[in-house]
Amino acid sequence: MSSSDIIVIGGGIAGLSAAAALSRHARVRVLEGEEQIGFHSSGRSATMVHYALGDRLVRALTLASRPFFDSPPEGFSDAPLGHRMPVLVHAREDEREALEGLEAEIARFASLERLDAIGVHELCPLLKPDALFGIADLNGTRLDPHALLQGNLRLLRRNGGNLQTNQRVRQIERADGCWTVTTERGDSHSAPTIVNAAGSWADEVASLAGVRRIGLEPKRRTIITFDAPPGTDLGRLPFAKTVGDSLYFAPESGRLFASPMDEVPSEPTDAQPEEYDVALAAFRMEERTKVRVGRIHSRWAGLRTFTADRHPAVGFASDADGFFWLAGQGGFGLQTSPAMAAIAESLIAGTAWPVPDVSSEALDPVRFTRQAA
Ligand SMILES: Cc1cc2nc3c(=O)[nH]c(=O)nc-3n(C[C@H](O)[C@H](O)[C@H](O)COP(=O)(O)OP(=O)(O)OC[C@H]3O[C@@H](n4cnc5c(N)ncnc54)[C@H](O)[C@@H]3O)c2cc1C
């Protein structure tokens, strides 16, 4: 049996970033069920940092994470963690009011440019003429999820921490102030503290430990890639999103990607794209842009896992000692990962609270178990 101070269950961005931060204070071991890190949600995202997502709390977590992406710690990554990609939120006449509402909400987090029809089409010539209004954040960032995951892993290892893959946890017991975690391969690991960063499976992991579930809801989202019209200057295109949750698209490895922003309830699973959502992505792309979606080159789906109030759940469980929740990152888990890791570090290792605009109560998982009690 191996022993450490903290076991992190889950080698996605949540688990690895928290593990890296905690490894400054403790002996940390990450257990990941798959053969590779980032196999589930963290490897299937749209990889954007933007503010047209979530509410004030999510935006505050995103804003607090920005400095990390712009200047990561020394030795974190050889490659930049991302590159600038403008974010354009566009609207038709009937969506104008919604755009104004969104602009008012985002304005305190990002410096926005308000665009008229000419400005919208200069920034994104692919849109149909009925896109009359827009707001643009020219400081949007497209992340490199590989660099982000590997950077956190590198930090973890440099501090003496450890990652083990192919270690799906199937049994969790507590005795004498210590958790013992047993994996499907029969290996056992012990630690006084567990961090539950199992993404869509976090409620299942809680059940294994006899901890009350918090009612997480995984929802599937689909992405397709296809060719841009000949002559499109892909390097200049923004991440373009409808003001409502209908469609986003952006350049992707010499092509375009698009999502119909589907949110289909799912079991925790290796999500696969459904034909309907693939067709919906193509339909909405043709509805809002001048692009004809020909051959679909690739398609994938991933789960975005939400709590009931769509805020993450970060903090110790009230019904078990040493069981820490780090779950419910929805569609913003990459862009908030530095702040979330620093919050986990603060609550577990006692460092200063890193995000003054967000209270620990707002994130406390107890808000769900209290209601259920
Ligand atoms: C299509 C799509 C687009 C998105 N776009 C964005 C975006 O633009 N910006 C953004 O910030 N976010 C985006 N997201 C959301 C983001 O990807 C997630 O919030 C984030 O990846 C969640 O990270 P995680 O580590 O919690 O989950 P995961 O990456 O799923 O990691 C959880 C890990 O736990 C492991 N695990 C589960 N059970 C066990 C067990 N019993 N034992 C051991 N290991 C276990 C799993 O194998 C998995 O690797 C998007 C997501 C999708 C699907």
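### Quick word on the overall build of the chain
Alright, step 1. Scanning the chain from terminus to terminus reveals 10 helices and 22 strands.
Alright, step 2. Its C-alpha atoms give the chain a radius of gyration of 21 Å, within 12% of the compact-globule value 21 Å for 373 residues.
Alright, step 3. In terms of overall dimensions, the chain has C-alpha extents of about 65 × 45 × 40 Å along its principal axes.
Alright, step 4. The buried share of the chain, reckoned over its 373 residues, is 55%.
Alright, step 5. Pairs at least 24 residues apart make up 72% of the contacts formed inside the chain by residues separated by at least 6 positions.
Alright, step 6. Entry remark: accessible area of the chain is about 15,600 Å², with carbon and sulfur atoms responsible for 48%.

### Observations regarding the site of the ligand
Alright, step 1. Neighbouring residues of the ligand: 39 residues in total, closest E32, S42, V169, G330 and Q335.
Alright, step 2. G330 places a main-chain nitrogen or oxygen 2.8 Å from an oxygen atom of the ligand.
Alright, step 3. Counting only elements with at least two residues in the shell around the ligand, the list comes to α1 (13-22), β15 (217-226) and β20 (296-306).
Alright, step 4. Per element, the largest residue contribution to the shell around the ligand is 3 residues, and it comes from β20.
Alright, step 5. Looking at the shell around the ligand, its residues break down into 16 nonpolar, 17 polar and 6 charged.

### Digging into the nonpolar core
Side chains of nonpolar character tend, in soluble globular proteins, to be buried together.
Alright, step 1. Among the nonpolar cores identified, the biggest contains 53 residues, and V8, V28, L61, L148, V195 and L326 are the most heavily contacted of them.
Alright, step 2. For this core, the leading source of residues is α1, giving 7 residues.
Alright, step 3. Leave out the neighbours within four places in its chain, and L148 touches I13, F68, F69, F76, L81, L143, L334 and S337.

### Considerations on the environment of R295
Alright, step 1. Topologically, R295 is positioned in the loop between α7 (275-288) and β20.
Alright, step 2. Of the residues examined, R295 reaches a relative accessible area of 61% and is grouped as exposed.
Alright, step 3. Along the sequence, R295 and R212 sit 83 residues apart, while their C-alpha atoms lie 46 Å from each other.
Alright, step 4. Apart from the residues lying within four places of it in its own chain, the contact partners of R295 are T225, F226 and D227.

The rules behind these values
In every chain, residue numbers begin from 1 and rise along the written sequence. Thresholds applied to this predicted model are a pLDDT of at least 70 for local features of residues and 80 or more for the giving and counting of side-chain atom pairs; totals over whole chains, interfaces and linings are not thresholded and use all residues. Processing note: side-chain calculations cover all non-hydrogen atoms of the structure and skip hydrogens and water entirely. Helix and strand assignments come from DSSP, with helices taken as H or I runs of at least 4 residues and strands as E runs of at least 2, each series counted from the N terminus. Based on C-alpha atoms, the radius of gyration is set beside the globule rule, defined as 2.2 Å times the residue count to the power 0.38. Relative accessibility thresholds used throughout: buried, under 20% of the residue-type maximum; exposed, over 50%; partly exposed, between the two (1.4 Å probe, protein chains only). The contact definition used throughout considers only heavy atoms, calling two residues in contact when any of these lie within 4.5 Å. Accessible areas in this description were obtained via Shrake-Rupley with a 1.4 Å probe; residue shielding takes into account the shown protein chains only. Residues are counted as near a molecule or strand when any one of their heavy atoms sits within 4 Å of it. Any pair of nitrogen or oxygen atoms within 3.5 Å is treated as a polar contact; in protein, a donor-acceptor pairing is required on top of that, and neighbouring residues in sequence qualify only through side-chain atoms on both sides. Residues are grouped as follows: Ala, Val, Leu, Ile, Met, Phe, Trp, Tyr, Cys and Pro are nonpolar; Asp, Glu, Lys and Arg are charged; all remaining types, including Gly, are polar. Here the nonpolar core consists of buried residues drawn from Ala, Val, Leu, Ile, Met, Phe, Trp, Tyr and Cys, with membership extended through side-chain atoms lying within 4.5 Å.

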